Amino acid sequence: MSAETPAAAPGQFTRRRLQFRAWRGTRPFWAGLYVLLSGLPIIYFPYFHLQVGHLTLAMATTAGAGSLIIGVLLIVLGISLWFQKHVRTFAGVAAILLALVSLPVSNFGGFIMGFLLALIGGAMAVAWSPGTPPQPQSPAEAGPDEGGAPRTAPLPEQRMDAAGENDLSGTSPANGANGRHSAG
């Protein structure tokens, strides 16, 4: 950094953080992150070589290409959940199906890590629904008791039957209902 480099505007980090937080709140962010991360162990373990002293253990399987395809598809589905939130149901179901296929194809779904991440992320994507943005209330619409104790709902009209007891069902012969329930 030199003397000619302009300094960051004060509060820029806070503003960027709040922008990211607002962006993240409008899409299934965590579902996309879990699905994206699930592809990494599924891709990695079939090509992994473990060195134990002078002994090399190859984790490679005959289905290495299948593991690569499943892992890349999961990563693409995770990114699509971030940037195309309208495909969340398709991406969630596809992630769950790919997780199930990864069990026999790629070392038990990346030794269960990738399998579980894909299942959880896919379920979160299917379950996510966009919320409604809060509507700002103008000060003219706010009532005098805003911010205080909540208002109570008015009590329903209580009817007295012939014996002088409260009839809340509306089926008393005293009020002309003839023992039948009324819809209103």
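Refer to the structure printed above.
For clarity, every value in this text was computed on a predicted model and none was experimentally measured.

Asks: I would appreciate a short explanation of a nonpolar patch on the surface in the present structure.
Replies: Taken together, the side chains of Trp30, Phe108, Ile112, Leu116, Ile120 and Met124 make up a nonpolar region of the molecular surface, amounting to roughly 570 Å² of accessible area. Take Ile120: it is sitting in helix H6 (residues 113-127).

Asks: I tried to follow the packing of helix H4 (residues 88-105) against H6 on my own but got confused; where do I start?
Replies: The geometry of a pair of packed helices is captured by two quantities: the angle between their axes and the separation between those axes. Across the interface, H4 lies against H6 with an axial gap of 8 Å and an inter-helix angle of 160°. Here H4 is positioned roughly antiparallel relative to H6, judged by the angle of their axes. For the crossing formed where H4 meets H6, the hand is left-handed. Across the interface between the two elements, Arg88, Thr89, Gly92, Val93, Ala95, Ile96, Ala99, Leu100, Ser102 and Leu103 of H4 pack against Phe115, Ala118, Leu119, Gly122, Ala123, Ala125 and Val126 of H6. Residue composition of the contact of H4 with H6, by class: twelve nonpolar, four polar and one charged.

Reading the values: the criteria
- Residues numbered from 1 in each chain as written.
- Predicted model: local features only at pLDDT ≥ 70, side-chain atom pairs only at ≥ 80, totals over all residues.
- Heavy atoms only, no water.
- Patch = residues over 30% accessible without salt bridge, like charges linked within 9 Å, V, L, I, M, F, W, Y side chains within 5 Å.
- Areas by Shrake-Rupley, 256 points an atom, 1.4 Å probe, with all protein chains shown as cover.
- Salt bridge = Lys/Arg side-chain N within 4 Å of Asp/Glu carboxyl O.
- Helix = DSSP H or I, 4+ residues; strand = E, 2+ residues; numbered from the N terminus.
- Axes fitted to C-alpha atoms, helices over the stretch in contact; angles between N-to-C directions.
- Parallel < 35°, antiparallel > 145°, perpendicular 65-115°, else oblique.
- Left-handed = near helix turned anticlockwise from the far one by under 90°.
- Contact = heavy atoms within 4.5 Å.
- Nonpolar A, V, L, I, M, F, W, Y, C, P; charged D, E, K, R; others polar.

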